[in-house]
Amino acid sequence: MKVIRFFNIAFIICVTCMMFSCNKTSIPRPYGYYRVDLPEHAYRIIDTLNLPYRFDLPKNVRLIYRKTDGETYWIDLYYPKLNATIYCSYKPVRGNLIELLEDTRKIVYKHSVRADAISEKVFEHPEKRVHGILYDLKGNTASSVQFILTDSTRNFFRGALYFDNVPNKDSIAPMSNYIREDVIRMMESFEWKR
């Protein structure tokens, strides 16, 4: 009899707890992203004999020479901890500056399908013969930062930042902003060697 009475009391307690525990409505939580500890910005000068340009290179970047279709001065700036690369290409200007600028504009604005906004910032360093444009692409674009540098007569340099993962503006925003600072430093320190 005591056993049956114990089970009856336990059953009543369980049913009562279940009735009162279900009154709360669940609150959806936003997606979380991994925390990435970004290192302090530190730079070294890249000045190799076989490149026609030099600039301040972030210390946490691995420089990779890339020979594509006979192009000898193309490099990749790889961020191993951020899974990102700035693909850099160099072209000599041979009366085709307008064509090179237009090609860059077309490449940047191909991202307008996914971009919320594309802004352009002009860089001018006449004493170094360096003129450029920094493109900021907002939204879930494959590339969030692109830029060009030229002396308008002999040299043309282009760079584009890509992450090796599916674009998600919320998850890569801190890393993209971090690398954007490196790009600005690179543009400000850029010099032609010819």
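Residues numbered from 1 in each chain as written. Predicted model: local features only at pLDDT ≥ 70, side-chain atom pairs only at ≥ 80, totals over all residues. Heavy atoms only, no water.

## Re the confidence of the model for the chain
As a note on interpretation, predicted positions should not be read in detail where pLDDT is low. Threshold: pLDDT: the predictor's confidence for each residue, scored from 0 to 100. Working definition: helices are DSSP H or I runs of at least four residues, strands are E runs of at least two. Numbering for both runs from the N terminus.
Here the chain averages 87 in pLDDT, while 90% of its residues score no lower than 70. For the chain, per-element mean pLDDT is lowest for helix H1 (residues 2-21), which scores 71, and highest for strand E8 (residues 145-150), which scores 96.

## A closer look at the sheet that holds strand E2 (residues 53-58)
Just so we agree on the cut-off: Pairing between strands is defined by DSSP: at least two bridges between the two strands are required. A contact between two residues is defined here by any heavy atoms of the two lying within 4.5 Å. Under this scheme, a helix contributes an axis fitted over its contacting stretch, all axes are lines through C-alpha atoms, and angles between N-to-C directions fall in the 0 to 180 degree range.
Across the sheet, 3 strands lie side by side as E1-E2-E10; this open sheet has antiparallel pairing. The open sheet terminates on both sides in strands that have one partner only, identified here as strand E1 (43-46) and strand E10 (191-192). Helix H3 (residues 169-189) rests against E1, E2 and E10 of the sheet, and its axis sits at about 150 degrees to E2.

## Notes on unusual backbone geometry
Counted only if it meets this: Three exposure classes are used, based on accessible area relative to the maximum for each residue type with a 1.4 Å probe and protein chains only: buried under 20%, partly exposed in between, and exposed over 50%.
Although it is not a glycine, Asn83 sits at a positive phi angle of roughly 55 degrees. The class for Asn83 is partly exposed, based on a relative accessible area of 31%. At Ser152, a position not held by glycine, the phi torsion is positive, near 75 degrees. Counting through the fold element by element, Ser152 comes out in the loop between E8 and strand E9 (155-163).

## Things to note about the side chain of His111
For the record, the criterion: Counted as a polar contact is a pair of N or O atoms within 3.5 Å, where, for protein atoms, one must be capable of donating a hydrogen and the other of accepting one, and residues adjacent in sequence contribute only when both atoms are in side chains.
Locating His111 in the fold gives a position in the loop between helix H2 (97-109) and strand E6 (115-125). Of the residues examined, His111 reaches a relative accessible area of 14% and is grouped as buried. Within polar-contact distance, the side chain of His111 engages the side chain of Gln146 at 3.4 Å. Ignoring anything within four residues of it in the chain, the contact list for His111 reads Leu137, Thr141, Ala142, Ser143, Gln146 and Tyr162.

## Some words on the packing of aromatic side chains
Both the distance between ring centres and the angle between the ring planes are used here to describe each pair of aromatic rings. Using the following cut-off: Pairing of aromatic rings covers Phe, Tyr and the six-membered ring of Trp, with a centre-to-centre limit of 6.5 Å; geometry is then stacked below 30 degrees between planes, edge-to-face above 60, and tilted otherwise.
Across all of its chains, the model carries 12 aromatic pairs by this definition. The interplanar angle of 40 degrees and the centroid separation of 6.1 Å between the aromatic rings of Phe147 and Phe157 together place this pair among those described as tilted. Here the residue Phe147 occupies a position in strand E8, and Phe157 occupies one in strand E9, the gap between them amounting to 10 residues. One exposure class covers both Phe147 and Phe157, and it is buried. Relative to Phe190, the ring of Phe157 has its centre 5.0 Å away and its plane inclined at 45 degrees; by these criteria the two rings are tilted. Here Phe157, found in strand E9, pairs with Phe190, found in the loop between H3 and E10; they are 33 residues apart in sequence, far enough to count as distant.

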